[in-house]
Amino acid sequence: MSIISVKGLSKSYNGSKVLDIEQLEFNKGQSLGLVGNNGAGKTTLFRLILDLIAADTGEVLSQGKNVAQSEEWKQYTGSFIDEGFLIDYLTPDEYFAFIAKLHKMSAGDLEAVLSKYDDFFNDEIRGKKKYIRDLSKGNQKKVGIVGALIGNPDILILDEPFANLDPSTQFRLLDELKKLDEETDITMLISSHDLGHVTKFCERIVILDHGQVVKDIHTSEQTLGELEEFFINKIRSAEEA
Amino acid sequence: MHSELFRHQFKKIFRSTFFRQGWGIKILLLLVALYFLGSFGLLGYFMKEILGDTFPEADKLTPIFSKGVLYYFLADLAMRFFLQDLNVLSVQHYLTTPLSKKRVVHFLLQSSVFSFFNLLPLLFIVPWALRVVPMEYGALQAGLWFVGFIMLILSNHYLAIYLKRVVAVKPVITIGFGLIVAGLFIANSMDLIDLGPLSAMIYSPLAETLIGAPLALALLVLMYQLNFRFLLSMTHLDRWRSKAKEASSLRFSFLEDKGFMGMMIANELKLILRNKRTKVVVYTAAFMALYGLFFYTQEEFANRDGMLLFVSIFMTGVFMINYGQFLVSWESSYFDGILTRAYSMEDYYRSKYYLMVFGVVLMFVLTIPYVYFGIDALYRNLAAALYNIGINTAVLIFASTYNKKPIDLSRGSAFNYQGTGAAQFVIVLPLIGLPMLVYMGFAVFDAEYYGLIALGALGIIGLIFQNYFIKQTVLNFKEKKYINAAGYRQKD
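Residues numbered from 1 in each chain as written. Chains lettered and ligands numbered in written order. Predicted model: local features only at pLDDT ≥ 70, side-chain atom pairs only at ≥ 80, totals over all residues. Heavy atoms only, no water.

Caption draft 1: Structural detail: the overall build of chain B. Along the backbone of chain B there are 27 helices and zero strands. Counting only C-alpha atoms, chain B reaches 80 × 65 × 40 Å along its principal axes. Out of the 492 residues belonging to chain B, those deemed buried represent 46%. At a minimum sequence separation of 6, the contacts of chain B that also span at least 24 residues come to 78%. Accessible area of chain B: about 25200 Å², with a carbon and sulfur share of 70%. Within chain B, the 29 negative side-chain charges are centred at a point lying 15 Å from the centre of the 43 positive side-chain charges. (Helix = DSSP H or I, 4+ residues; strand = E, 2+ residues; numbered from the N terminus. Buried < 20%, exposed > 50% of the residue type's maximum accessible area, 1.4 Å probe, protein only. Contact = heavy atoms within 4.5 Å. Areas by Shrake-Rupley, 256 points an atom, 1.4 Å probe, with all protein chains shown as cover. Lys, Arg positive; Asp, Glu negative; His and termini not counted. Charge placed at Lys NZ, Arg CZ, Asp CG, Glu CD.)

Caption draft 2: Examining the overall build of chain A more closely. In terms of regular secondary structure, chain A is built from nine helices and ten strands. The C-alpha radius of gyration of chain A comes to 18 Å, within 12% of the 18 Å expected for a compact globule of 241 residues. Over its C-alpha atoms, taken along the principal directions, chain A stretches across nearly 55 × 40 × 35 Å. Residues counted as buried form 54% of the 241 residues belonging to chain A. Here the contacts in chain A between residues at least 6 apart in sequence split such that 65% fall between residues at least 24 apart. Charge separation in chain A, taken as the distance between the mean sites of 27 positive and 40 negative side-chain charges, equals 4 Å. (Rg over C-alpha atoms; globule rule 2.2 N^0.38 Å.)

Caption draft 3: View of the domain arrangement of chain B. Domain parsing of chain B yields domain 1 (2–8 + 20–240) and domain 2 (253–489). One C-alpha centre belongs to domain 1 of chain B, the other to domain 2 of chain B, and the line joining them spans 39 Å. (Domains from an automatic or database assignment.)

Caption draft 4: Spatial organisation of the sheet that holds strand E5 (residues 65–66) of chain A. Residues and elements named next belong to chain A. Strand order in the open sheet formed by four strands is E2-E1-E4-E5, and the pairing between neighbours is antiparallel. On the outer flanks of this sheet lie strand E2 (16–27) and E5, each paired with one strand and no other. As judged from the ten bridges shared by strand E1 (residues 2–13) and E2, these two strands associate in the antiparallel manner. Pairing of Ile-4 across the sheet is with Phe-26, part of E2. (Pairing = 2+ DSSP bridges.)

Caption draft 5: Here's a closer look at the nonpolar core. One finds A:Leu45, A:Phe96, A:Leu156, A:Leu177 and B:Tyr323 to be the most contacted residues of the largest nonpolar core, which totals 140 residues. In terms of residue count, helix H22 (residues 345–366) of chain B provides more of this core than any other element does, ten residues in total. For A:Phe96, the residues in contact, after removing those within four places along its chain, are A:Leu110, A:Leu114, A:Phe121, A:Ile125, A:Val143, A:Val146, A:Gly147 and A:Ile150. (Core = buried A, V, L, I, M, F, W, Y, C linked by side-chain atoms within 4.5 Å.)

Caption draft 6: Here's a closer look at the packing of helix H20 (residues 305–324) of chain B against helix H23 (residues 375–400) of chain B. Residues and elements named next belong to chain B. Look at H20 against H23: their axes get within 9 Å of each other, and the N-to-C directions meet at 40°. The angle between H20 and H23 falls in the class oblique. Handedness of the H20/H23 crossing: right-handed. Facing H20, whose interface residues are Asp-305, Leu-308, Leu-309, Ser-312, Ile-313, Met-315, Thr-316, Gly-317, Met-320, Ile-321 and Gly-324, H23 presents Arg-380, Asn-381, Ala-384, Ala-385, Asn-388, Asn-392, Thr-393 and Leu-396. Residue composition of the contact of H20 with H23, by class: nine nonpolar, eight polar and two charged. (Axes fitted to C-alpha atoms, helices over the stretch in contact; angles between N-to-C directions. Parallel < 35°, antiparallel > 145°, perpendicular 65-115°, else oblique. Left-handed = near helix turned anticlockwise from the far one by under 90°. Nonpolar A, V, L, I, M, F, W, Y, C, P; charged D, E, K, R; others polar.)

Caption draft 7: Representation of unusual backbone geometry within the structure. Residue and element names in this part refer to chain A. At Lys-104, a position not held by glycine, the phi torsion is positive, near 55°. Within the element layout of this structure, Lys-104 appears in the loop between helix H3 (92–102) and helix H4 (107–115). A relative accessible area of 76% places Lys-104 in the exposed class. At Asn-152, a position not held by glycine, the phi torsion is positive, near 40°.

Caption draft 8: Up close: the interface of chain A and chain B. Taken residue by residue, the interface counts 33 residues in chain A and 36 residues in chain B. Overall, the association of chain A and chain B removes approximately 3000 Å² of surface from exposure, summing both partners, and the carbon and sulfur fraction of that is 53%. Summed over the shared surface of chain A and chain B, the number is four salt bridges. The residue A:Glu71 makes a salt bridge to B:Lys478 at a minimum N-O spacing of 3.3 Å. Counting across the interface, chain A meets chain B through 16 residue pairs in polar contact (both at pLDDT 80 or more). When contributions to the side of chain A that touches chain B are tallied by element, the ones reaching two or more residues are helix H2 (73–76) and H3 of chain A. (Buried area = accessible area lost by both parts, 1.4 Å probe. Salt bridge = Lys/Arg side-chain N within 4 Å of Asp/Glu carboxyl O. Polar contact = N/O pair within 3.5 Å; in protein donor to acceptor, adjacent residues only side chain to side chain.)

Caption draft 9: Looking closely at the sheet that holds strand E6 (residues 77–80) of chain A. All names here are of chain A. Across the sheet, which stays open at both edges, the six strands sit in the order E6-E7-E8-E3-E9-E10 with mixed pairing between neighbours. Edge strands, defined here as strands with exactly one partner in the open sheet, are E6 and strand E10 (212–218). Between one strand axis and the next, the sheet turns by 15° as a mean value, whatever way the strands run. Across six bridges, strand E9 (residues 204–209) lies against E10 in antiparallel orientation.

Caption draft 10: Representation of the side chain of B:Asp76 within the structure. Tracing the backbone through its elements, the reader meets B:Asp76 in helix H4 (residues 62–83). Excluding its chain neighbours within four sequence positions, the residues that come into contact with B:Asp76 are B:Phe117 and B:Asn156.

Caption draft 11: Layout of the pairing of strand E3 (residues 31–35) of chain A. Residue and element names in this part refer to chain A. For E3, the tally of buried residues reaches five of five residues, placing the bulk of the element in the interior. Side-chain alternation along E3 places Ser-31, Gly-33 and Val-35 on one buried face and Leu-32 and Leu-34 on a second face that is also buried. Direction of pairing for E3 relative to E9: parallel, over a ladder of four bridges. Across the sheet, Gly-33 pairs through a bridge with Ile-205, a residue of E9.

Caption draft 12: Structural context of the environment of B:Val221. Mapped onto the elements of the fold, B:Val221 is located in helix H13 (residues 212–232). Between the C-alpha atoms of B:Val221 and B:Glu256, which are 35 residues apart in sequence, the distance is 57 Å.

Caption draft 13: Looking closely at the packing of helix H1 (residues 2–14) of chain B against helix H5 (residues 101–111) of chain B. Residues and elements named next belong to chain B. Their axes nearest at 11 Å, the elements H1 and H5 cross at an angle of 50°. With respect to H5, the axis of H1 lies oblique. When the axes of H1 and H5 are compared, the crossing they make is right-handed. Contacts between H1 and H5 pair His-2, Leu-5, Phe-6 and Gln-9 from the former with Arg-103, His-106, Phe-107, Gln-110 and Ser-111 from the latter. Its residues assigned to classes, the contact of H1 with H5 shows three nonpolar, five polar and one charged.

Okay, here's the thing in C-alpha cells:
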C-alpha cells in the first residue's frame, strides 16, 4: 500500500528543469534509498515532499492528502535535510525535549528513546552545557537525525545522513536504521552518495538522474554491482560524447 | 603583494551584502551619512569663527582649541572601544598561503586604518590646519601640527584596538571602562576637575614646538608595535577564535510546563536572551522606558497632549515594534524546521502574538511610575497599550509574512542593518501614525479623554477579533511561505 504518492511532479529553476517525475509510489513500511549525482534532484524531491518548496506542476499525496494543503503529515513525518532544521541556540537536550513535547511524549518516554542512542551520541551530545550552534557539523547531524526519530514517526526522511559522520558513527547509524526497518513499520526515504550503505538496508533503490527516475530496483545481491555499473557508464558516455 | 591584499579588502567591502541591499535602505543610509558629514564638516570649517566669537580677547586660538582636544580623544577612545573591532578572522585564510605571518599581521593592522572614526576628525583638523595655525605659528608649524595630529588620531586608533583585544574579555571590564570615561566627563561638567589645562599642556606643544610632532610619531610607533607584537604571538587559530560560551541554565521551566503555548514562548525567550542582536532589542526597550522623562520634565512638551500620546504609544510599543518587525526573520536560520515540525502554523503565529502582547503588558507595567506626572499619564499609557495589543500586534504579524530577508543572530547589532529593508521604516508610520490620527480627531474638539477611550475601545475590539487576524495571517503566509523560505535559505 502506498503511503506517499508523487504525481506529475515537476520543478524548474531559471528555466531548467531540476525535477520531472510522472509517477512514484512509496510503499508503507518500505525502506527506500535514493541515489544520484549532485544536481540529480534528490534534495528537491525531499523538499517537495516536505512542502518546503512549491511544485510547478503535480502534487505529493501523503496518506492520500496533498501536503501543500493539509498540515496533517507533520504529525507523523520525521525529517532532517540540513542544519536549517535545528534551533541552534538551544542545547541538544532542550531541543529533544521540545520535539518530544510537540508529540506529547512524557519526559520518561523521551528518556527511553534517547537512551537507545547513547552509543550513537558517543557521550558528546547529551548533558553538555553547549548550544547546538557550538557543536561540530557531525554532532549537529546526530542531533538532527535523532530529533527526526522522536515521536515514533510513520515516515522518516533523511538527506545524506552519512555525510560528515566519522566511520564508526556511520556504521552505528547503519545498524540503527536496519533495526528500525526490521522492528517497526516505518517508511524510510534516505538519500546517500554511499552506494554500499544504501544497498545494505534499503529494500528498494531509486536512481535519479537529471531530475528523472531512471532506475527503480528491488535490492538483491547484484544491486551494488548494478549501481556501480550505472555510475561508471555515466562517466564513459560523457567521455565519448 | 601588499597592494594585492588591499585589493582583496576593497573587493570584500564592495561585494559585501551591504551593497546588495535594496535601494531604499541604501539611499536612506546615504542621506544619513551625508547629513552627518555635512553638519560636522560645517562645524569643523567654522570652528575658527565659533571660537573667535566666544573668546574675542584671545590673541591666539590654537591654545583654546588644544584645551578641548583631550575631551574629544577620550570620547573617541570610548566610542572606538565599543563600536570598533579588529576582525582577526578576516585574514585567517592567508595564514596557510606562502605569506609570512609578519606580513599578514602588518596587513591586518594597516587595513584597519580605513575606518569611519579616522575620517571624522579630519573634518576638524584639516580646516584648522589651513585656516588658523599658519596665521598664528607659521607654515612649518602648521605642517608639523597637522602631521602630528594625524599621528595622535592613529595612536588612539591602535590604543583602542589593543585595549579591546587585551582587556575586553569580560563584559564587567567593558562596562567599567565606559563608567570611568563617563565619570570623568560628569566630574568635569560638575567642576570637580578641569581637563582643559591638562589638555592644553598635552596638545599645545604640537603647534608651539618642533618636537611635538616627532613625539606623536614615537607614540604611534609604540602603539603599533604593541599591537604587532601582541598579534604576532597570537597567530595560531585556536587563540584567535573566541571560546564558545557555556549554555545558559535559565530554563523557563515554569513556562515549559504550561502546554504548547508556554513552551513556544519559552523558546522565544531563549532566542531573545541567547543571541546578541535580540538582546539589543531588550536593552533598547528597557532604555526607552525612560524616554518619557525627557518630555514630561520639559515645560514646552508637558502640556502638549498629542506629543505625550506619541510618547505613550512609543514607550508601551517599543519592544513590540522592534521585535515584531523581524517577527519571523529572527528564526530564518531554521525556517525549514519550522515548516516541517509537528505544529500548525496557526499555533505558531498565536505564540508570536502572545509574546508581543506580553511585551506590551510588560512595558506598560514599567511605565506605570509616570503616574507621578499626573493620572492622565496613566490613562494615556493604558489607552496606548490597549491599542498596541489589539491593533498594532495584528498589523505586525500580518506584515511579517512579507519579510524574506534572513538574519544571522550571532552578529552584533551596532550598525547592523542585515534583514532591514525600506519596509521596516515604512511600517512604523501606520503603527504610530494611525492612533495619532484617531486621537487628534478628538483632540481638535477638545475631547482628549474621548480620544483615549476611542483608542482603548479600538484595542479591545482588535483583541476580540485576534483569531480572525491570525487566520488571515496564516492564509497569507501559506501563499508566501515558499518565497520566504527561499529567501531565508540564502546565507551570505
